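# Remarks on the overall topology
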Amino acid sequence: MRGLRKEYGGLAAVAGIDLDIEWGETFALLGPNGAGKSTTVEILEGYRHRTAGDVTVLGVDPAHAKLDWKSRLGIVLQSSGESGQYTVREQLSHFARFYPNPRRVDDVIAAVGLEKQAKTRISRLSGGQQRRVDVALAIIGRPELLFLDEPTTGFDPEARREFWSLIEELKTEGTTILLTTHYLDEAARLGDRGGVILGGRLVAVGRIDELGGAEARVPLVRWRDDDGALREERTERPAELVVELARRFAGEPRELEVIRPNLEDVYLALVHAAGSAAGAGAANGEPASNPVHSSSPVHASNPEKEAEPA
Ligand code: ADP
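What this report covers is the structure whose coordinates are included nearby. (Residues numbered from 1 in each chain as written. Predicted model: local features only at pLDDT ≥ 70, side-chain atom pairs only at ≥ 80, totals over all residues. Heavy atoms only, no water.)

A separate point is the overall build of the protein chain. The helix and strand inventory of the protein chain stands at nine helices and 12 strands. Taking all 310 residues of the protein chain together, the buried fraction comes to 46%. Partitioning the intrachain contacts of the protein chain with sequence separation of at least 6 by distance along the chain shows that 67% fall at a separation of at least 24. (Helix = DSSP H or I, 4+ residues; strand = E, 2+ residues; numbered from the N terminus. Buried < 20%, exposed > 50% of the residue type's maximum accessible area, 1.4 Å probe, protein only. Contact = heavy atoms within 4.5 Å.)

This is the structure in structure tokens:
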């Protein structure tokens, strides 16, 4: 996409995005609610018309795409529409017929781990199982490009891990994947590259393990001083600082931690930096902060925190 823009009544929900997603890669699109992710994704899927800019998806402009193009996509929407009276196998067999070169229904059922539920009505499945039906329906047509919109919301930890394995298999098969998620651990696990959207602009893009720039990834050493205060220092050479601290304290410093900023830390730092740079502007489509490849210091870091929806 080049200069992608979408306005709703004069308000820019997407305010000029340039982005290339390569064949075969998994790209994680990150950003807080209202940032413009869904609008962007829906334009790529051909569900929404853009106000300006150029977009090509699998070599075709989605605004003028035909059915044969749609059959090359797989889409897992945010909320499941599958609660029908049909069994898992009936539903999949039905939809498989719409595609020129579908996968075998039983293979897909096995891939999403629903063998035991193949003859169960979808309305009787648990939420997590219904989500797997969504994924099964999205991959039955052997898509070249798979859109996953917050695919594991509401999953228990085990189901999430199983789901990730399934996606990793699709990656190995060469499927291109565009993932939007609020779970930063999910983005880190599945994504090859990622981008952060804030206020309709892409404020960072790059390999997941480099997102935010090198500066944002400098390790943090934290310890508790004799006066009871928690101290921290960012350093490229944490081992040297730890040795120095051990000497200073004549032993083990209290509550010593060496923290390597993870994707969540980097993401939160980007969001905070953009928030302070643009104030309320970031929320209404005004320029957020620095353009692509911005880097900013990590303000807070806690390796023990849960990966919660941002
Ligand atoms: P995200 O997916 O990142 O949560 P969205 O793309 O849904 O963000 O929304 C971006 C902005 O566009 C928000 O301010 C939202 O309120 C606005 N918006 C989304 N859809 C519409 C619509 N159909 N009409 C008017 N405003 C919309």
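On to the packing of helix H5 (residues 127–139) against helix H6 (residues 157–172). In the contact formed by H5 and H6, the axes pass within 12 Å of each other and the chain directions differ by 5°. Regarding the angle of H5 to H6, the classification is roughly parallel. Each of Arg-132, Val-135 and Ile-139 in H5 lies in contact with H6, whose residues at this interface are Ala-159, Glu-162, Phe-163, Leu-166 and Leu-170. (Axes fitted to C-alpha atoms, helices over the stretch in contact; angles between N-to-C directions. Parallel < 35°, antiparallel > 145°, perpendicular 65-115°, else oblique.)

This part covers the site of the ligand. Around the ligand sit Tyr-8, Ala-13, Pro-32, Asn-33, Gly-34, Ala-35, Gly-36, Lys-37, Ser-38, Thr-39 and Arg-48, and those are all the residues in its vicinity. A distance of 2.9 Å separates an oxygen atom of the ligand from a polar atom in the side chain of Lys-37. The element contributing the most residues to the shell around the ligand is helix H1 (residues 37–45), with three residues. The residue inventory of the shell around the ligand, partitioned by class, reads four nonpolar, five polar and two charged. (Near = heavy atom within 4 Å. Polar contact = N/O pair within 3.5 Å; in protein donor to acceptor, adjacent residues only side chain to side chain. Nonpolar A, V, L, I, M, F, W, Y, C, P; charged D, E, K, R; others polar.)

One pass over the structure, following the stated rule, counts one aromatic pair. Seen from the ring of Tyr-183, Arg-160 lies directly overhead, with NZ or CZ sitting 4.1 Å from the centre. (Phe/Tyr/Trp six-rings, centres within 6.5 Å; stacked < 30°, edge-to-face > 60°. Lys NZ or Arg CZ within 6 Å of the ring centre and 35° of its normal.)

Strand pairing in a sheet relies on backbone hydrogen bonds. The paired strands run either parallel or antiparallel. Strands sit in the order S11-S10-S12 across an open sheet of three strands; the sheet is antiparallel. Each end of this open sheet is capped by a strand with a single partner; those strands are strand S11 (230–234) and strand S12 (254–259). Averaged over all adjacent pairs, the angle separating strand axes in this sheet is 10°, with direction ignored. Contacts between helix H8 (residues 238–248) and the sheet are confined to strand S10 (220–224), S11 and S12, with S10 contributing the most and set at about 15° to the helix. (Pairing = 2+ DSSP bridges.)

With that settled, consider the pattern of salt bridges. Taken as a whole, this structure holds 24 salt bridges when the rule is applied. Salt-bridge contacts for Glu-162 lead to Arg-132; the nearest nitrogen and oxygen are separated by 2.9 Å. With Glu-162 in helix H6 and Arg-132 in helix H5, this residue pair connects regions lying 30 residues apart in the sequence. In this structure Glu-162 comes out as partly exposed when scored by relative accessible area, which is 40%. Close ionic contact of Arg-207 with Asp-209 constitutes a salt bridge, the shortest N to O distance being 2.6 Å. Judged by its relative accessible area of 43%, Asp-209 falls in the partly exposed class. Through salt bridges with shared partners, a single ionic network connects Arg-160, Asp-185 and Glu-186. (Salt bridge = Lys/Arg side-chain N within 4 Å of Asp/Glu carboxyl O.)

Let us look at unusual backbone geometry. For Arg-142, which is not glycine, the phi torsion reads 55° and is therefore positive. Within the element layout of this structure, Arg-142 appears in the loop between H5 and strand S6 (145–149). Phi angles above zero are rare outside glycine, and Ala-250 is one such case at about 50°. Tracing the chain through its elements places Ala-250 in the loop between H8 and S12.

Turning our attention to H8. Burial in H8 covers these residues: Pro-238, Leu-241 and Leu-245. Down the axis, H8 shows its buried residues gathered within 60° of arc, on one side only. H8 presents Ala-239, Glu-240 and Arg-247 as exposed residues on the side facing more than 90 degrees away from its buried surface. Contacts made by the buried residues of H8 are with S10, S11 and S12. (Arc of directions from axis to C-beta.)

So, about the sheet that holds strand S7 (residues 176–180). With respect to topology, six strands assemble into an open sheet ordered S5-S6-S7-S3-S8-S9, the strand pairing being mixed. Looking at which strands have only one partner, the edges of the open sheet turn out to be strand S5 (73–76) and strand S9 (201–207). On average, each strand axis in the sheet is inclined to that of its neighbour by 15°, with strand direction left out of account. Examined bridge by bridge, S6 and S7 share five bridges and lie parallel to one another. Paired with Phe-147 across the strands is Leu-178, a residue of S7. Its contacts with the sheet put H5 on S5 and S6, and the angle it makes with S5 is roughly 165°.

Counting 47 residues, the largest nonpolar core has Leu-30, Val-88, Leu-92, Leu-148 and Val-196 as its most contacted members. Apart from the residues lying within four places of it in its own chain, the contact partners of Leu-148 are Val-76, Phe-163, Ile-167, Ile-177, Leu-178, Leu-179 and Thr-180. One finds Leu-19, Val-41, Leu-58 and Ile-197 within the second-largest nonpolar core, a separate group that totals 22 residues. (Core = buried A, V, L, I, M, F, W, Y, C linked by side-chain atoms within 4.5 Å.)

What follows covers the side chain of Asp-149. Among the secondary structure elements, Asp-149 is positioned in strand S6. A distance of 2.5 Å separates polar atoms of two side chains, one belonging to Asp-149 and the other to Thr-180. When neighbours within four sequence positions are excluded, Asp-149 is seen to be in contact with Ser-38, Val-76, Leu-77, Gln-78, Arg-131 and Thr-180.

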